[in-house]
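Report on the structure
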Amino acid sequence: MILSATAASAVSRPAAVRRDIAVRKISFNNPEFIRGMDISSVISLENSGVSFRNAEGEAEDIFKILSDSGVNYIRVRVWNNPYDKDKNGYGGGNSDLEKAKIIGRRAAENGMKLLVDFHYSDFWADPAKQQEPKEWKNLSVSEKCEKLYDYTKTSLDAIKDDGGDVGMVQIGNETTTGIAGEYATSNVAKLYKSGIKAVRDFDKNALTAIHFTNPERTEATKDLADMLSDNQVDYDVFAVSYYPYWHGSLENLTDVLSYAAKTYGKYVMVAETSYAYTLDDSDGHANTVSRWANNEGENLLWSFTPQGQAEEVRDVMNAVNNVGEKGLGVFYWEGAWITVGDTTNLSGSEYNNRLTENKKLWESFGSGWASSKSAEYDPDDAGKYYGGSAVDNQTFFDSKGRALPSLEVFKLVKTGSVSADVLSGDADGDGAVNINDATVIQLHLAEKLTLDEAAGYAADIDRNGELNINDASLIQRYLARLSTEFEVNTMR
Ligand code: CA
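It should be emphasised that the depicted structure is a prediction, and the values quoted were computed from it without experimental measurement.

**Quick notes on the overall build of the protein**
When its secondary structure is counted, the protein shows 14 helices and ten strands. Whereas a compact globule of 492 residues would reach a radius of gyration of roughly 23 Å, the protein reaches 25 Å, a difference of no more than 12%. Counting over 492 residues, the protein shows a buried share of 57%. Of the contacts formed within the protein by residues at least 6 apart in sequence, a portion of 78% connects residues at least 24 apart. For the protein, the centre of its 50 positive side-chain charges and the centre of its 75 negative side-chain charges are spaced 3 Å apart.

**Quick notes on the sheet that holds strand S5 (residues 166–171)**
Around the barrel, which closes on itself, the eight strands sit in the order S2-S3-S4-S5-S6-S7-S8-S9 with parallel pairing between neighbours. Sheet twist, expressed as the average angle between the axes of neighbouring strands with direction ignored, equals 25°. As paired strands, strand S6 (residues 207–212) and strand S7 (residues 237–241) are joined by four bridges and run parallel to one another. What sits directly across from His211, in S7, is Ala239.

**Topic: the coordination of the calcium ion**
Angles at a metal have ideal values that depend on geometry: 109.5 degrees with four tetrahedral donors, 90 or 180 degrees with six octahedral donors. In this structure, Asp281 (OD), Asp283 (OD), His285 (O), Asn287 (OD1), Ser389 (O) and Asp392 (OD) serve as the protein donors to the calcium ion, at separations of 2.1 to 2.4 Å. Read from N- to C-terminus, the donor residues coordinating the calcium ion fall into the pattern D-x1-D-x1-H-x1-N-x101-S-x2-D. Note that Asn287 is positioned in the loop between strand S8 (267–273) and helix H8 (306–321) and Asp392 in the loop between helix H10 (382–385) and helix H11 (409–412), a separation of 105 residues in sequence. Overall, the relative accessible area of 9% leaves Asn287 in the buried class.

**Considerations on helix H9 (residues 348–365)**
Its 18 residues place the ends of H9 26 Å apart at the C-alpha level, agreeing with the 26 Å of an ideal helix rising 1.5 Å per residue. Listed as buried for H9 are Leu355, Asn358, Leu361 and Trp362. Projection of H9 onto a plane perpendicular to its axis shows the buried side chains occupying an angular sector of 120°, all on one side. When the buried face of H9 is taken as reference, the exposed residues oriented beyond 90 degrees from it are Ser349 and Ser364. Note on H9: the residue one or two positions beyond its end, Gly366, has a positive phi of about 75°.

**A look at the pairing of strand S2 (residues 34–38)**
Burial within S2 is extensive, with five of its five residues counted as buried. Burial along S2 is two-sided: the face carrying Ile34, Gly36 and Asp38 and the face carrying Arg35 and Met37 are both buried. One ladder, built from four bridges, connects S2 with strand S9 (residues 327–332); its direction is parallel. Within S9, the position partnered with Gly36 by the bridge is Phe331. For S2 and strand S3 (residues 73–78), the ladder comprises three bridges, and the chain directions are parallel. In the strand pairing of S3, Met37 is matched with Ile74.

**Looking at the environment of Ala22**
Within the fold, Ala22 resides in the loop between strand S1 (17–19) and S2. With a relative accessible area of 28%, Ala22 lands in the partly exposed category. On a C-alpha basis, the gap between Ala22 and Ser417 in space is 5.0 Å, while along the polypeptide they are 395 residues apart. When neighbours within four sequence positions are excluded, Ala22 is seen to be in contact with Gln307, Ser417, Val418 and Ser419.

**Regarding the pairing of S9**
For S9, the buried fraction is high: six of the six residues fall into the buried class. Strand direction decides the pairing type here: S8 and S9, joined by four bridges, are parallel. Note that in S9 the partner of Val268 across the bridge is Gly327.

**Notes on the side chain of Thr221**
The topology assignment puts Thr221 in helix H6 (residues 218–230). Non-local contacts of Thr221, meaning those with residues more than four positions away in its chain, are made with Thr213, Asn214, Pro215, Phe238, Val240 and Val256.

**A word on the packing of aromatic side chains**
According to the stated counting rule, one finds 23 aromatic pairs in the structure shown. Three or more aromatic residues joined by ring pairs form one cluster here, namely Trp79, Tyr90, Phe123, Trp124, Trp333, Trp337 and Tyr377. For the cation-ring pair, Lys134 lies above Tyr377, with the distance from its terminal atom to the ring centre recorded as 5.4 Å. For the cation-ring pair, Lys326 lies above Tyr267, with the distance from its terminal atom to the ring centre recorded as 4.8 Å.

**Describing the packing of H6 against helix H7 (residues 250–264)**
At a closest axis distance of 10 Å, the pairing of H6 and H7 adopts a crossing angle of 20°. It follows that H6 is roughly parallel to H7 by the angle criterion. As H6 runs across H7, the sense of the crossing is right-handed. Only Asn252, Asp255, Val256, Tyr259, Ala260 and Tyr264 of H7 make contact with H6, whose side of the interface consists of Thr218, Thr221, Lys222, Ala225, Asp226 and Ser229. A breakdown of the residues in the contact of H6 with H7 according to their chemical character gives five nonpolar, four polar and three charged.

**Remarks on the layout of surface pockets**
Considered as a void within the structure, the largest pocket measures approximately 770 Å³ in volume. Around the largest pocket, the lining is made up of 30 residues, and of these Asp126, Glu174, Tyr243, Thr288 and Trp333 lie nearest the centre. Across the lining of the largest pocket, the residue classes tally to twelve nonpolar, nine polar and nine charged.

**Description of unusual backbone geometry**
In the Ramachandran plot, Glu334 falls in the positive-phi region, its phi being about 50° despite a non-glycine side chain. If you trace the backbone, Glu334 turns up in the loop between S9 and H9. In this structure, Glu447 takes a positive phi of about 60° despite not being glycine. Looking at where Glu447 falls in the secondary structure, it is placed in the loop between helix H12 (435–445) and helix H13 (453–459). Residue Glu447 is classed as partly exposed on the basis of its relative accessible area, which comes to 32%.

**Describing the pattern of salt bridges**
Evaluated as defined, the whole model comprises 29 salt bridges. Measuring nitrogen to oxygen at the nearest pair gives 3.1 Å for the salt bridge that ties Lys400 to Asp342. Separated by 58 residues along the polypeptide, Lys400 in the loop between H10 and H11 and Asp342 in the loop between S9 and H9 bring together distant segments of the chain. A relative accessible area of 54% places Lys400 in the exposed class. Look at Asp342 and you get buried, because its relative accessible area is 11%. Connected via shared salt-bridge partners are Asp38, Arg75, Asp117 and Glu272.

Basis of the calculations
- Residues numbered from 1 in each chain as written.
- Predicted model: local features only at pLDDT ≥ 70, side-chain atom pairs only at ≥ 80, totals over all residues.
- Heavy atoms only, no water.
- Helix = DSSP H or I, 4+ residues; strand = E, 2+ residues; numbered from the N terminus.
- Rg over C-alpha atoms; globule rule 2.2 N^0.38 Å.
- Buried < 20%, exposed > 50% of the residue type's maximum accessible area, 1.4 Å probe, protein only.
- Contact = heavy atoms within 4.5 Å.
- Lys, Arg positive; Asp, Glu negative; His and termini not counted.
- Charge placed at Lys NZ, Arg CZ, Asp CG, Glu CD.
- Pairing = 2+ DSSP bridges.
- Axes fitted to C-alpha atoms, helices over the stretch in contact; angles between N-to-C directions.
- Donors = N, O, S within 2.8 Å, 3.2 Å for Na, K, Ca; no water.
- Expected span 1.5 Å × (residues − 1).
- Arc of directions from axis to C-beta.
- Phe/Tyr/Trp six-rings, centres within 6.5 Å; stacked < 30°, edge-to-face > 60°.
- Lys NZ or Arg CZ within 6 Å of the ring centre and 35° of its normal.
- Parallel < 35°, antiparallel > 145°, perpendicular 65-115°, else oblique.
- Left-handed = near helix turned anticlockwise from the far one by under 90°.
- Nonpolar A, V, L, I, M, F, W, Y, C, P; charged D, E, K, R; others polar.
- 1 Å grid on protein atoms, 1.4 Å probe; cavity = no way out; pocket = protein on both sides within 12 Å on 5 of 7 lines; lining within 4 Å.
- Points joined across faces, edges and corners; volume = space filled by probe spheres on them.
- Salt bridge = Lys/Arg side-chain N within 4 Å of Asp/Glu carboxyl O.

Rendered as C-alpha cells:
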C-alpha cells in the first residue's frame, strides 16, 4: 500500500482529504480539464415535483450542489421539436431549446459553462437513430444544411441572450452512422461544416465537437477521425461515449483518443459516461444496468456502490488525461435523472398506486425516457417501450434526491482523498497500530520511502498537515501507554 523505492522529494503529508469516498488524485495535464455533467432532464424532473438536497441533507439548487461538488461544465441536449401537434411532449425531458436556455442560465449563475449537444432530431439520436426533425422531412441536403446552420445559430444566440455561457457545441449526437437523416459520408460532412460555421459565426472562441460512440471498435473509430480529415471538416474536439459495460478497456479508450490527438492535433474527450451505484430500481421502470444485464462482454473494474461509481469517474478522467494536454475532459451522462416517485420497498397495491402516479408524471412532464406521444415519431421503439428513467441507479443523488458521497469525486480528483475508515496511526496500512508505524514514519522523514495519500493521512496523527517526528513520537508514547493525547480508536 505505501512502499515506494524512491525517496520522497519533500517531507510533507500528501494532500489528500478525508471523505466518505477514497479517490486517487489526478495530476491534470490540462489545467482547464473539464469535469462535466449532463443533466438535460432536470427541468422536467423539477416540473414533476422532484427536489434535490446536498450531502448534508439541506434543500439547495441542484446547480449549486453540482458546482460546490467540483462540476465545472454542464451539458444539455437540444431537440428541435419534441412535441406532437397538440404540444404533448415525447418525454426524455422534453429537451427543447426553452429548457436549454433555463439550464444554461442557471449553470452560468453558478459559474459553469455550457456544452450544447444538438441532436438535429426531434427525439433521441444515436447510432441506431438519426432521424431528421419533422420540419426537415423531404428536404435536399443543401436545404438541410441551411436549416441546420440557421437552427444552430439562432438557438445559440437565444441561449446566450438568456445568460448561458456557451463554451462548446456538439454538431450532432453519437453520429457514428449519420446525422439528421443523412448517411452518405459526403452529405454528413456538409452538415457538420454547416454546423461548425454557425458556431464560428456565433462565437469564434466556442469549441466545436464531433461525437461518436463504440470506441471499442478501435480501427473503425480511428477511421472516423480519418474521414473527418479527408473531408476537411474543421472541428476542434473529437469526442466519444464511453460506457464501460460495452465500450472496451480504458487503455483502448486512451489509444483511440490519442490517435485523434496526435494524428490530427484535436482535443479529445469523453462526452458521455456513467456507472451504477446500485443495481436497484427506484421508479418502477426497468434500468439499463440491472442484475441481469450489467456487464455484457466486459469484466467490470468497479463495484456497484458510490465508491465504485466514484472510481469509474476518476479512472475515465485519468484515461483521458493520459492522452496528454489534448485530453480535454469528461462529461457524466444524466447524473440527476432520479425517480419522480420512490417505489423502493413498496409492494402490492402500494407499489401499483405509486407506479400509476409516476406514469402520470412521465406523461405530463416528459420526465421519463419516452412518453406514449413519441409513437408518432418513433413507433418501433419509444412508441412501444415508453416509460420512466432507465438510469435512476446511475445518478449522483439517491432516490430521495440527496447527494451521494460519490458526487464529490468531481472535486476530489484534484487533491485525492482517503476513506473515512482509514485508521489513524496505521501508517503501514496493516490494519493495526504498532511500532512498525513509527518506523515507517521515520523512514519517510529520512526519505527512504514515500507514503501514499491514505498512509500519509493516517500517519499525520497530530493533524497539523505535515509529517514530522512528533507523529512518530506520539505512536511510540501511545504504545508505551505514556500518552493519552492520541486515542487510536476514537480517531477513526
Ligand atoms: Ca428505473
